[in-house]
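Structural features, examined
If you want the building blocks of each chain, they are given just below.
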Amino acid sequence: MALPTIAFWILAAFTAVSTLFTVLTRNVVHSALGLAASLIGAAALFILFGAQFVGLAQILIYVGAVVILFMFGIMLTGTAVRPVVDNDQRPAAALVALAVFLVLAAGIVSSFGTKKVRFQVAFPTVQLGHQLFTTWVLPFEAVSILLLAALVGAIVLARRD
Amino acid sequence: MRIDYAALAPELVITGAACLVLLVDLAVRGRTRVISGYIALVGSLLAIVLLIPKMFDAPTSTLNGLFVLDHFAVVMKIIFLAVAAYVIWIAIPPMRGHRYEGEFVFLLLCSVLGTLLMPSSRDLLMLFVSLELVSAPAFVIAGLRKVNPLSNEAALKFFIFGVLSAGIFVYGISLIYGATGTTSLAAIAASPAARAAHPPAILFTGIVFIVAAFGFKVSAVPFHFWAPDTYEGAPTPLAAFLSVASKAAGFVGLLLILYIGFPALAKFWGPFLGVIAILTMTVGNVVALRQRQFVRLLAYSSIAHAGYMLIPIAVIGSKAGVGSGSSNATLIRSLVIYLAIYSIMQLGAFAVAIGVSKQYPTLLVRDLSGLGRRAPLPALALAAFLIALGGIPPFGGWFAKFALFTAAIDAGTSLGLVLAIAMVVNSVISLFYYLGVVRVMYLGETPEAQDEGAVSFPRTIAAATALAFIGVVFVGIYPEPFARFADAARLVLHV
């Protein structure tokens, strides 16, 4: 087996196990840590496939910002004192998850099953930046307005009246 | 690369108005804060004025075909802006003196910007950004009545459903990108994967995910659960906006993706949408029969109307030769007519609801009893809106249903026939609850003696109601100019 293939299986197993841990643990803090691990695994997979920018952005934004924000949220709302949450929907959730998995896995295997995946995808970050500010400048600006709205909205909702 | 700023003018005006509102609201205090509403109103009307000459220009595109301004887009944008202006107008009295009056207007304008970008988008990523720009500010507006637990519930349900649908949408995009290697709608339609005799399975999964995501936005069954709770708990002007503009934006996005991106797979998504259409109209109407709260009743009625509006998209899919073809143009035209007339009826009904809610914040159907005596003119208008929603002449709604019905029949497919019949049956069911409200208004006993007095309407609301009333009567009696406006809405596949 080629080295990238071995690396892929290790990273994929790591990602899958930490994702399972995220949804199975009853402790919110553990769940957030599991999510961080699963996102790092996904980022490593991106880098393995040659999408360095996406991988690094994933670590910076999701692991570095979003999960940390979760931690702050847990701390500030006092959930950390009694961190166990459960809502007795496990069988239903397992059923839905299994159904989604089967549909996606069947679709992806039947579409790509025999195709060879190239590990070295040309994905230069310079070109990405260039594209973002020429062809994709309109969605970029639309997202800026969206973020402004989110900022205003967050202040409105969080402020104590 | 050159950017065609003239084509982007309405979007720029709305963005400018939104930023201006944010700044002006910082500077003014007390009663003068109402100025932000007027800035938004002027901005929307200015954008409409800028769009009107575009009705006579040739379709243009900019940013490598990412943004297209064809006549369909122009007509839809005019409808969105008119709806926005109306909602901002009827929101002035209920939001007056509210702690977040300016923020409300700013967030609403951001949402309007999303609706404007939608009909011009020709790329899945652009459509995704537009759709989120429509929804995300609305999540916050839904929760603006912070002390009200119903408003909190409204915001939370809307947010969770909205975010879930966003996630499903992006996953669908990733599957489609995986199969075709592009996110541009035209390139997807031309890609070998989409044109193959046996397209890859994930393309179908991707389409199902995208339809599910838009199903949330247009509140189609079985993705409708958030709508009644959100409409009831959110500030009522937002409910009006969601049930008209946000819903219409969802239909536009769905039409663009399926019609431009996947004409080759129409055999699959046509019947799929047809089933959803029948489910949506039936569940919406049957559940509406049991509603006691007026906004919830309007919410279920709007779910039923979403079912009707899915018909033309489904029927396009059931036809063998998607592409040009005059009956496709007729179907798209019928959707535009329906969206426009539905907007007038629904907004009018919401305007009356806002007027009554000053005295009866709970807005139960029971609260409307005796309105025929206590506020004769608004009651007359509301009766007209409800009769129009039910589709009875002479008020506007019959023409919308007639256009949809004939377009579905003329398509000459069995799916079109089945859906047209389902719509007629459902329209009859819907009459029970629409006319039920009318009966309560004119024949219902007022519950308490002290309630016998007149119900006073703010002047702005009364004027807005009158405008919608004139619209609904005019369209019902003389639909010709309206039909011609919708005729202009030609969707161009290649610019």
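Residues numbered from 1 in each chain as written. Chains lettered and ligands numbered in written order. Predicted model: local features only at pLDDT ≥ 70, side-chain atom pairs only at ≥ 80, totals over all residues. Heavy atoms only, no water.

In terms of helices and strands, chain B carries 20 helices and 2 strands. Dimensions of chain B along its principal axes, counting C-alpha atoms only, are 70 × 55 × 40 Å. Looking at the 495 residues of chain B, the share that counts as buried comes to 64%. A sequence separation of at least 24 residues applies to 80% of the contacts in chain B between residues at least 6 apart. (Helix = DSSP H or I, 4+ residues; strand = E, 2+ residues; numbered from the N terminus. Buried < 20%, exposed > 50% of the residue type's maximum accessible area, 1.4 Å probe, protein only. Contact = heavy atoms within 4.5 Å.)

Turning our attention to the packing of aromatic side chains. Residues and elements named next belong to chain B. For the coordinates displayed, the defined rule picks out 20 aromatic pairs over all chains. Each ring, one from F268 and one from F272, has its centre 6.0 Å from the other, and the planes form 15°; the classification is stacked. On the criterion of helical spacing, the pair formed by F268 and F272 is a turn pair, its members being 4 residues apart in helix α12 (residues 266-288). Assessed through its relative accessible area of 27%, F268 is described here as partly exposed. Counting every residue linked through ring pairs, the aromatic cluster contains F139, F158, F159, W226 and Y231. (Phe/Tyr/Trp six-rings, centres within 6.5 Å; stacked < 30°, edge-to-face > 60°.)

Another aspect to go through is the interface of chain B and chain A. Interface size is commonly expressed as the accessible area that is lost once the parts come together. In this assembly, 39 residues from chain B lie in contact with 26 residues from chain A. Summing the contributions of chain B and of chain A, the shared interface buries around 2,600 Å²; its carbon and sulfur component is 81%. Put simply, chain B and chain A have 0 salt bridges between them. If you look at where chain B meets chain A, you find 5 residue pairs in polar contact (both at pLDDT 80 or more). The set of elements that each furnish at least two residues to the side of chain B that touches chain A consists of α1 (9-27), α4 (101-117), α5 (124-142), α6 (149-180) and α9 (201-217) of chain B. Here the element with the most residues in the side of chain B that touches chain A is α5 of chain B; it accounts for 8 residues. Each residue belonging to the side of chain B that touches chain A can be placed in one class, and the counts come to 28 nonpolar, 6 polar and 5 charged. (Buried area = accessible area lost by both parts, 1.4 Å probe. Salt bridge = Lys/Arg side-chain N within 4 Å of Asp/Glu carboxyl O. Polar contact = N/O pair within 3.5 Å; in protein donor to acceptor, adjacent residues only side chain to side chain. Nonpolar A, V, L, I, M, F, W, Y, C, P; charged D, E, K, R; others polar.)

Right, let's talk about the side chain of E103 of chain B for a bit. Checked against the element boundaries, E103 of chain B lands in helix α4. On the accessibility criterion, E103 of chain B (16% relative accessible area) is buried. E103 of chain B has contacts with V152 and V156 of chain A together with D25 and R33 of chain B, leaving out every residue within four places of it along the chain.

A few words now on the nonpolar core. Residues and elements named next belong to chain B. Formed by 210 residues in total, the largest nonpolar core has its most connected members in F72, F262 and W269. Considering each element in turn, this core owes the most residues, 19 residues, to helix α14 (residues 326-357). Excluding its chain neighbours within four sequence positions, the residues that come into contact with F72 are V252, L255, L256, I332, V336, A489, R490 and L491. (Core = buried A, V, L, I, M, F, W, Y, C linked by side-chain atoms within 4.5 Å.)

So, about the confidence of the model for chain B. With 96% of its residues at a pLDDT of at least 70, chain B reaches an overall mean of 89. Model confidence for the complex: the whole-complex pTM is 0.92, and ipTM, which rates the interface, is 0.90. (pLDDT = per-residue confidence, 0-100.)

As a further point, take the side chain of K146 of chain B. Among the secondary structure elements, K146 of chain B is positioned in the loop between α5 and α6. Side-chain polar atoms of K146 of chain B contact the backbone oxygen of R159 of chain A, separated by 2.5 Å. Contacts of K146 of chain B, omitting those with residues within four sequence positions, involve V156, L157, R159 and D161 of chain A together with Y100 and N152 of chain B.

Before going further, it helps to examine the state of the cysteines. All names here are of chain B. Under the definition given, this model contains 0 disulfides over all chains. For the unlinked cysteine C19, the closest cysteine sulfur is that of C110, found at 7.8 Å. A residue is classified by how much of its surface remains accessible, and C110, at 1% relative accessible area, is buried. (Disulfide = S-S within 2.5 Å.)

We now examine helix α4 (residues 90-112) of chain A. Between its first and last C-alpha, α4 of chain A extends 32 Å over 23 residues, near the 33 Å set by a 1.5 Å rise per residue. Among all positions of α4 of chain A, only L104, G107 and S111 of chain A are buried. Elements in contact with the buried residues of α4 of chain A: α6 and α9 of chain B. (Expected span 1.5 Å × (residues − 1).)

Here the focus is the packing of helix α1 (residues 3-24) of chain A against helix α2 (residues 28-48) of chain A. Residues and elements named next belong to chain A. Running from N to C, α1 and α2 cross one another at 160°; their axes reach a closest spacing of 8 Å. Put simply, α1 runs roughly antiparallel to α2. As α1 runs across α2, the sense of the crossing is left-handed. Contacts between α1 and α2 involve P4, A7, F8, L11, A12, F14, T15, S18, T19, F21 and T22 on the former and, on the latter, H30, S31, G34, L35, A37, S38, G41, A42, A44, L45 and L48. A class-by-class count of the residues in the contact of α1 with α2 yields 13 nonpolar, 9 polar and no charged. (Axes fitted to C-alpha atoms, helices over the stretch in contact; angles between N-to-C directions. Parallel < 35°, antiparallel > 145°, perpendicular 65-115°, else oblique. Left-handed = near helix turned anticlockwise from the far one by under 90°.)

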